[in-house]
Amino acid sequence: FDMLAQKDGKWIQIRVMPYECVAVGQHWIDIIGSKSKKEVRIPKMCVSFDGNTEEHKKGVKCPYCAVDEKFSPFYLMNVLVRSLQEDAPRKNRLSSAEKKSGIKDPDSESWTPIKVLRVPSSLMRKIQGLKDLNRDKATKKTYSVQHAEFGADINVKYDSKASGTDKYQAQLSDKCALTEEELG
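The structure contained in this document is the topic of the report that follows.

About the cut-offs
- Residues numbered from 1 in each chain as written.
- Predicted model: local features only at pLDDT ≥ 70, side-chain atom pairs only at ≥ 80, totals over all residues.
- Heavy atoms only, no water.
- Helix = DSSP H or I, 4+ residues; strand = E, 2+ residues; numbered from the N terminus.
- Buried < 20%, exposed > 50% of the residue type's maximum accessible area, 1.4 Å probe, protein only.
- Contact = heavy atoms within 4.5 Å.
- Areas by Shrake-Rupley, 256 points an atom, 1.4 Å probe, with all protein chains shown as cover.
- Disulfide = S-S within 2.5 Å.
- Pairing = 2+ DSSP bridges.
- Salt bridge = Lys/Arg side-chain N within 4 Å of Asp/Glu carboxyl O.
- 1 Å grid on protein atoms, 1.4 Å probe; cavity = no way out; pocket = protein on both sides within 12 Å on 5 of 7 lines; lining within 4 Å.
- Points joined across faces, edges and corners; volume = space filled by probe spheres on them.
- Nonpolar A, V, L, I, M, F, W, Y, C, P; charged D, E, K, R; others polar.

**Some details on the overall build of the chain**
Right, so step 1: Within the chain, the secondary structure is distributed over 5 helices and 9 strands.
Right, so step 2: The linear arrangement of helices and strands in the chain, starting from the amino end, is α-β-β-β-β-β-β-α-α-β-α-β-β-α.
Right, so step 3: Seen through its principal axes, the chain has C-alpha atoms that stretch 55 × 45 × 40 Å.
Right, so step 4: Counting across all 184 residues of the chain, residues that qualify as buried make up 30%.
Right, so step 5: Put simply, 63% of the contacts in the chain that link residues at least 6 apart link residues at least 24 apart.
Right, so step 6: Carbon and sulfur atoms form 50% of the exposed surface of the chain, whose accessible area is close to 12,400 Å².

Structure, rendered in structure tokens:
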């Protein structure tokens, strides 16, 4: 589920949660489609990419690195989607395990405004750059938008009609601390 592609051309207000994001390496491989008999591109995960260091592991050979010149990392991060938060159901059916752990079970029918967002590297650079604009006036320090206390909401947009890195936009929005409920 690609939330940004589904909302093509529309701004979405999110809050990046103060948890680690995951870096994933991906190749796009050209193959001949079995039904269409036409050349198509399919994604394949790079087996030599280390998500912690964001570098290729020494001594680990990836079969796709040899055939793909368009290696592209992307990131997975937890975000609070403000429009979902505003449309929260009155009653939430948390399982007893979810109540105890505070972690949503993917198989349960409980509701959460927290979603996993797939972020391409061009959008990640824009989100990281917002730190320069997220300044605390009192201390004159800058903070990452995902900082729990001094962070900020951001507006993001995907525009399929734009070219290159202009397909993704990010703007600083409301500065606010996350509440205990939001962190929970």
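There is more to say after this.
**Quick word on the state of the cysteines**
Right, so step 1: In this structure the tally under the stated criterion is 0 disulfides.
Right, so step 2: With no disulfide of its own, Cys 176 lies closest to Cys 21 among cysteine sulfurs, the gap being 20 Å.

**Looking at the pairing of strand E1 (residues 12–16)**
Right, so step 1: With 4 of its 5 residues buried, E1 lies for the most part within the structure.
Right, so step 2: Note: E1 against strand E8 (residues 152–158), 3 bridges, orientation antiparallel. Looking at E8, one finds that Ile 14 is bridged to Ile 154.
Right, so step 3: Two elements, E1 and strand E6 (residues 72–81), share 3 bridges in a ladder whose sense is antiparallel. Pairing of Ile 14 across the sheet is with Val 81, part of E6.

**Side note on the pattern of salt bridges**
Right, so step 1: Going through the model one piece at a time under the given rule, you end up with 4 salt bridges.
Right, so step 2: Salt-bridge contacts for Arg 41 lead to Asp 30; the nearest nitrogen and oxygen are separated by 2.7 Å. On the criterion of sequence distance, the pair formed by Arg 41 in strand E3 (residues 39–45) and Asp 30 in strand E2 (residues 22–32) is long-range, its members being 11 residues apart.
Right, so step 3: Assessed through its relative accessible area of 39%, Arg 41 is described here as partly exposed.
Right, so step 4: Under the relative-accessibility criterion, Asp 30 is labelled partly exposed at 41%.
Right, so step 5: We note a salt bridge from Glu 182 to Arg 82, for which the minimum N-O separation is 2.7 Å. Separated by 100 residues along the polypeptide, Glu 182 in helix H5 (residues 180–183) and Arg 82 in helix H2 (residues 82–86) bring together distant segments of the chain.

**Description of the side chain of Gln 26**
Right, so step 1: Note on placement: Gln 26 falls in strand E2.
Right, so step 2: Filtering out sequence-adjacent residues up to four positions away, Gln 26 remains in contact with Pro 43, Lys 44, Met 45, Cys 46, Lys 70, Phe 71, Ser 72, Phe 74 and Arg 118.

**Here's the deal with the layout of surface pockets**
Right, so step 1: What the largest pocket holds in volume is close to 870 Å³.
Right, so step 2: Lining the largest pocket are 26 residues, with Gly 102, Thr 112, Pro 113, Ile 114 and Gly 184 sitting closest to its centre.
Right, so step 3: Mapped by element, the contributors of at least two residues to the lining of the largest pocket are E6, helix H3 (96–101), strand E7 (114–120) and H5.
Right, so step 4: Grouping the amino acids of the lining of the largest pocket by side-chain chemistry returns 12 nonpolar, 7 polar and 7 charged.
Right, so step 5: Size it by volume and the second largest pocket reaches roughly 200 Å³.
Right, so step 6: Lining the second largest pocket are 14 residues, with Lys 7, Ile 12, Val 81, Ser 83 and Leu 84 sitting closest to its centre.
Right, so step 7: Among the secondary structure elements, those contributing two or more residues to the lining of the second largest pocket are helix H1 (3–6), E1 and H2.
Right, so step 8: Of the residues assigned to the lining of the second largest pocket, the class counts are 6 nonpolar, 3 polar and 5 charged.

**A short note on unusual backbone geometry**
Right, so step 1: Positive phi values are uncommon outside glycine, yet Glu 54 reaches one of about 60 degrees.
Right, so step 2: Within the element layout of this structure, Glu 54 appears in the loop between strand E4 (49–50) and strand E5 (55–56).

**Let's talk about the environment of Trp 11**
Right, so step 1: Within the element layout of this structure, Trp 11 appears in the loop between H1 and E1.
Right, so step 2: Through-space distance from the C-alpha of Trp 11 to that of Lys 35 is 36 Å; in sequence the pair is 24 residues apart.
Right, so step 3: Not counting the four nearest positions on each side in its chain, Trp 11 is found in contact with Asn 155, Val 156, Lys 157, Gln 169, Ala 170 and Gln 171.

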